[in-house]
Amino acid sequence: MTNPKTIDVLIPVYNGEATIESAVASIQRQTLTDIRIVIVNDGSTDGTRHLLDGIARLDPRITVINKENGGIVDALNVGLAACDAEFIARHDADDIAFEDRLEKQCSYLRQHDDCVAVGANVWHINMQGDRLGTKTRFGEIIADMDSIPSTEPYLMHPMLMVRREPVVRVGGYRYVVHAEDTDLYWRLREVGRLHNLTEILGEYRFHESSISSSSIVNGRIQAVSSQLAALSAKRRSRGQQDIDFSENLSASYKAAKTLASILELTSASLSTEERAYLEISTAAKLLHLNSYRPYSLERSDLSFIGTAFKQHAKHFRPPVLHTIEEHLRTQVLHLWANRDFPALVALSPPAYLVADLVRRRMRKAKRWLFNVASTNSKQN
């Protein structure tokens with residue numbers, strides 16, 4: 001392209017006929033108009049392609065790339081190859097960008113040469129576009145590849161704007177299944193600063209087909225992959241050979257029946273120290289994901305988590321242990337409240353956490369008895 005725009009907006013889509021028009025319209029309405037919209041249709045089988053043909057005919061700024069289905073990483077890299085603007089903005093096919101989103105993010109990058117990528121915050125909406133009353137609160141980026149689970153250098157992926165040159169330099173997206181964004185951020189921070197604007201610049205749609213929310217299988221994969229991304233960053237920081245993320249792992253992960261079997265697929269190239277870290281940090285990450293994702297842990301997950309804690313807890317410093325214990329305590333309380341005692345046995349939490357639960361229940365029972373006694377006293 002002889003006259004590249006300032007910003008290429010990259011939108012991958014798969015079977016997005018219900019939301020793609022509103023998502024694209026929110027980009028078309030941007031106050032910063034020097035843009036091109038690159039839409040990668042990843043082999044949609046619904047009416048998405050027909051809708052995109054109509055949208056593109058009415059707006060010369062839109063480029064549609066139709067390809068066979070290959071997954072999000074493949075779609076993103078195909079889109080990146082077609083982008084030639086100074087800045088690349090990510091947008092999802094089911095989200096909404098406020099009209100000044102691109103202008104504010106571009107302005108920040110223009111004013112801060114040391115920053116290679118910028119994110120923003122969002123309101124949460126449902127499938128119908130109604131706000132759920134919650135929002136993200138991303139702020140200063142603090143990354144720690146040694147914490148358990150790893151503290152990821154996170155920016156909201158659908159709200160990402162990044163300089164094109166650094167993305168190309170670090171190799172684009174890799175097949176870190178369901179954590180390809182986190183892996184990219186670890187690599188980008190090695191060449192420049194990442195920053196989150198505290199402003200809310202869009203709306204993020206929650207729905208049942210969301211990759212990270214749809215099933216415990218995806219939850220397990222996301223937990224493992226996010227912690228592998230941290231291990232990968234750790235290796236690079238030490239000048240060691242990086243982890244190889246094979247494209248074929250995705251199908252193998254999905255075929256695996258348990259968290260332990262997914263981890264087994266990753267273990268051949270890991271040292272004993274790395275394996276220990278991956279087990280305990282994956283256990284902690286899955287507990288954390290379960291606290292806000294709409295899926296339930298199965299007994300095999302709970303058994304793995306309990307075993308990982310027992311085997312590796314003694315190797316970690318007190319602040320790390322405290323974080324894991326809080327995750328475990330939340331899970332224990334949840335299982336007890338639901339009277340799921342077989343699952344509680346599978347988790348087999350440390351005795352002092354069970355004792356803590358018993359103390360809490362006894363205090364609650366005493367308060368109830370005190371209230372009953374007080375009520376009876378007043379009536380008499």
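Each chain has its residues counted from 1, following the order in which its sequence is written. At least 70 in pLDDT is required for a residue's local features to be given in this predicted model, at least 80 for side-chain atom pairs to be given and counted, and no such filter applies to totals for whole chains, interfaces and linings, which use all residues. Water and hydrogen atoms play no part in the side-chain values, which are based on all heavy atoms of the structure.

Draft legend 1. Region of the structure containing the overall build of the protein. In this description a helix means any DSSP run of H or I spanning at least four residues, a strand means any run of E spanning at least two, and both kinds are numbered starting from the N terminus. The helix and strand tally for the protein stands at 14 helices and 9 strands. Any two residues whose heavy atoms approach within 4.5 Å are treated as being in contact. Across the protein, every contact between residues at least 6 apart in sequence was considered, and the portion connecting residues at least 24 apart equals 78%. When the accessible surface of the protein is totalled, it reaches about 18000 Å², and 52% of it is carbon and sulfur. Using the Shrake-Rupley algorithm and a 1.4 Å probe, accessible areas are obtained, with residue cover drawn only from the displayed protein chains.

Draft legend 2. Summary view of the packing of helix α6 (residues 180-188) against helix α7 (residues 216-237). Between α6 and α7, whose axes approach to 9 Å, the crossing angle comes to 20°. One element, α6, and the other, α7, form an angle in the roughly parallel class. Like other packed secondary-structure pairs, α6 and α7 cross with a definite hand, here right-handed. Touching Thr182, Asp183, Trp186 and Arg187 of α6 are Ala229, Ala230, Ser232, Ala233 and Arg236, all from α7. Axis lines are fitted through C-alpha atoms, for helices just across the contact stretch, and the angle between N-to-C directions can take any value from 0 to 180 degrees. Relative orientations are named as follows: roughly parallel for angles under 35 degrees, roughly antiparallel for angles over 145 degrees, roughly perpendicular for angles from 65 to 115 degrees, and oblique for any other angle. Two helices crossing with the near one rotated counterclockwise from the far one by less than a right angle form a left-handed crossing, whereas a clockwise rotation gives a right-handed crossing.

Draft legend 3. Expanded view of the side chain of Arg163. By secondary structure assignment, the location of Arg163 is in strand β8 (residues 161-163). Of note is the side chain of Arg163, whose polar atom sits 2.7 Å from the backbone oxygen of Cys115. Every residue in contact with Arg163, bar those within four places of it in the chain, is listed here: Glu86, Phe87, Leu109, His112, Asp113, Cys115 and Val116. Pairs of N or O atoms within 3.5 Å make up the polar contacts considered here, provided that, within protein, one atom can donate a hydrogen while the other can accept it, and that residues adjacent in sequence are counted only when both atoms are side-chain atoms.

Draft legend 4. Examining α7 more closely. In this model α7 runs 32 Å from its N-terminal to its C-terminal C-alpha over 22 residues, within 8% of the 32 Å that 1.5 Å per residue would give. Of all 22 residues in α7, 19 are buried, a share of seventy percent or more. Helix span is expected to be 1.5 Å times the residue number reduced by one. The buried label goes to any residue with under 20% of its type's maximum accessible area, the exposed label to any with over 50%, and the partly exposed label to all in between, with areas taken from a 1.4 Å probe on protein chains only.

Draft legend 5. Spotlight on the pairing of strand β7 (residues 131-135). Pairing geometry for strand β6 (residues 115-125) and β7, over 2 bridges, is antiparallel. From the neighbouring strand, Ile125 faces β7, where its bridge partner is Arg131. For two strands to pair, DSSP has to find at least two bridges joining them. Counted along the chain from β6 to the antiparallel partner β7, the turn is 5 residues long, and its residue Gly129 has a positive phi close to 90°.

Draft legend 6. Region of the structure containing the packing of aromatic side chains. For this analysis, a ring pair means two rings from Phe, Tyr or Trp (six-membered ring only for Trp) whose centres lie within 6.5 Å, classed as stacked if their planes differ by under 30 degrees, edge-to-face if by over 60, and tilted for the remaining angles. A full pass over the atoms with the stated rule returns 3 aromatic pairs. Both rings, one in Tyr154 and one in Tyr185, keep their centres 5.8 Å apart while their planes meet at 70°; by these two values the pair is edge-to-face. In this pair, Tyr154 is assigned in the loop between β7 and β8 and Tyr185 in helix α6, connecting sequence segments 31 residues apart. Look at Tyr185 and you get buried, because its relative accessible area is 0%. Ring plane angle 85° and centroid distance 5.4 Å describe the contact between Tyr204 and Phe206, whose orientation is recorded as edge-to-face. The partly exposed category is assigned to Phe206, whose relative accessible area is 29%. Charge-over-ring placement is defined geometrically: NZ (Lys) or CZ (Arg) within 6 Å of the ring centre, and within 35 degrees of the ring normal. Seen from the ring of Tyr277, Lys234 lies directly overhead, with NZ or CZ sitting 4.3 Å from the centre.

Draft legend 7. Structural context of helix α3 (residues 72-82). All of the buried residues along α3 are Val73, Ala75, Leu76, Gly79 and Leu80. In an axial view of α3, the angular spread of the buried residues amounts to 160°, which keeps them on one side of the axis. Buried residues in α3 make contact with β1 (7-13), β2 (35-42), β3 (62-67), β4 (87-90), α5 (164-170) and α6. This arc is built from the directions going out from the helix axis to the C-beta atoms.

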